[in-house]
Every structure is written in structure tokens, then in C-alpha cells.
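Observations on the three-dimensional arrangement
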Amino acid sequence: MKRCKIELILPALAGLTLLAACEQAPETAPASEAASVELPNGLTVKEQIEARQGQLKKMGKAFKTISDQLKADSPDLSQIQTAAAAVPEESATMIDWFPEGTGPQSGVETEALPVIWENKADFNLKITALQDAAALLDSAAQTGDIAAIGAAFKTTGGTCKACHDKYRLDD
């Protein structure tokens, strides 16, 4: 008789344990719902992250163009100048690309790390450093001096790396 009771009690305890483990999460929206939350700027979280990623890809393309041209035997100055002018233009509103709620907790794929929002002041300083360096890169590019462009490009790249090292996943 005891064996029969144990055979009934064990599955019941296992079921109760599983139910207890499935307690509801704290009062936060599931990731799929968080992605559709509208931000103060009128975009959803998902739209904001996608817009941010698009802007960063444009900047990356500009950097690649400059890098490729600086490595070329005969750099195309007009390509460098166009790409260098795009960097400060694309990064002008960068501080606004990272509103609260657009990190990995949103459920939208992003390489932005949560430390961005934990240390927003430092992150914003790094963005400002990039913007300043990008303006100098553009100025150097407009002079046509390849050596000056190379130096400014290295400085600007360093500002990108400083941010990526701390605030981006596996760069």
C-alpha cells in the first residue's frame, strides 16, 4: 500500500515543482511585445533598433570606402571626400539612436550591450569624441592631403574602437 501512495505522490510533487518553476515573470512585457512598444520619438523599439543599425551600416560603408582608397596605389580622392563627408553627417544625431528600452532586453537582435544604458554619460562622451573626430576627418579629406586624411582616419577609427570595445557585443 505504501508503494502505491509513493507512485501517486511522486508524479504529483513533480507536477507541482514544474508549476512552481513556471511562475510568472515580473511585470515586464515579453520580448515580442517590447519590440512593438512605441517610443517618444514615434518609432517602435524594433523600428528604432533597425534605424540605428542602418545608420551604423552607412557609417561602416563610408569607413570601408576610405580604408580601401587609402590602401590603393592611386587613391580616388573624390571617393574619400564623399565618404568622409558622410561620417559627420550620419553621426550627427547618434546620441538619439540609443533611447532607453532599445537594448537586448527588447528581444530585437542588437549588438548594443546593456552597459550603454548603465553608463550613459560615458557612452555619450564617446559619441561626442567620434563626432569631433569625424568632423576633423572630413576637414582633412577636403584638403586632399592623403597623409592628413590617413592620420585623421586613424584617430576617427580609434574613437569607434573605444566605443565598440566597451559597448558592443563581440566586435
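Just so it is clear, the structure is predicted and the values come from calculations on it, not from any experiment. (Residues numbered from 1 in each chain as written. Predicted model: local features only at pLDDT ≥ 70, side-chain atom pairs only at ≥ 80, totals over all residues. Heavy atoms only, no water.)

On the secondary structure map, F153 appears in helix α7 (residues 146–167). Discounting chain neighbours no more than four positions away, the residues touching F153 are F63, I66, S67, L70 and L137. (Helix = DSSP H or I, 4+ residues; strand = E, 2+ residues; numbered from the N terminus. Contact = heavy atoms within 4.5 Å.)

This next bit is on the pattern of salt bridges. Taken as a whole and assessed by the stated rule, the structure comprises 6 salt bridges. Between K46 and E50 there is a salt bridge, with the nearest N and O atoms lying 3.6 Å from each other. One end of the pair is K46 and the other is E50, both in helix α3 (residues 45–71) and 4 residues apart, which spans about a single turn. Its relative accessible area of 41% is what places K46 among the partly exposed residues. According to the relative accessible area criterion, E50 is partly exposed, its value standing at 41%. Across the salt bridge formed by R168 and E111, the nearest N and O atoms sit 2.6 Å from each other. (Salt bridge = Lys/Arg side-chain N within 4 Å of Asp/Glu carboxyl O. Buried < 20%, exposed > 50% of the residue type's maximum accessible area, 1.4 Å probe, protein only.)

This brings us to the packing of aromatic side chains. Using the criterion set out here, one finds 4 aromatic pairs in the structure. Seen in terms of ring centroids, F98 and W117 are 6.4 Å apart; in terms of plane orientation they differ by 55°. Their pairing is tilted. Here F98, found in the loop between α4 (77–91) and α5 (115–118), pairs with W117, found in helix α5; they are 19 residues apart in sequence, far enough to count as distant. Between the aromatic rings of F98 and F123, the centroid separation amounts to 4.8 Å while the plane-to-plane angle is 75°, which identifies the pairing as edge-to-face. With F98 in the loop between α4 and α5 and F123 in helix α6 (residues 120–143), the pair connects residues that are 25 residues apart, well separated along the chain. The pair F98 / F123 is uniform in exposure class, with both members buried. An aromatic cluster of three or more residues is present, and its members are F98, W117, F123 and Y167. (Phe/Tyr/Trp six-rings, centres within 6.5 Å; stacked < 30°, edge-to-face > 60°.)

Take the side chain of Q69 next. For Q69, the location among the structural elements is in helix α3. Excluding anything up to four places from it in sequence, Q69 contacts S74, P75, D76, Q79 and I80.

With 15 residues, α4 extends 22 Å from end C-alpha to end C-alpha; this agrees with the ideal 21 Å at 1.5 Å per step. By the burial criterion, the buried members of α4 are I80, Q81, A83, A84, V87, E90 and S91. In the core, the buried residues of α4 are packed alongside α3, α6 and α7. (Expected span 1.5 Å × (residues − 1).)

Turning our attention to the packing of α4 against α6. Relative orientation of the contacting elements α4 and α6 amounts to 155°, with a least axis distance of 8 Å. Compared by their axis directions, α4 and α6 come out roughly antiparallel. Of the two possible hands of crossing, α4 and α6 adopt the one that is left-handed. When α4 is examined against α6, the residues L77, I80, Q81, A84, A85, V87, P88 and S91 are found in contact with a partner set consisting of L130, Q131, A134, A135, L137, D138, A141 and Q142. (Axes fitted to C-alpha atoms, helices over the stretch in contact; angles between N-to-C directions. Parallel < 35°, antiparallel > 145°, perpendicular 65-115°, else oblique. Left-handed = near helix turned anticlockwise from the far one by under 90°.)

Residues F98, I116, F123 and L137 are the most contacted members of the largest nonpolar core, which totals 27 residues. Taken together, the elements giving at least two residues each to this core come down to α3, α4, α5, α6 and α7. Per-element accounting of this core gives the leading share, 7 residues, to α6. One finds A35, V45, I49 and V108 within the second-largest nonpolar core, a separate group that totals 5 residues. (Core = buried A, V, L, I, M, F, W, Y, C linked by side-chain atoms within 4.5 Å.)

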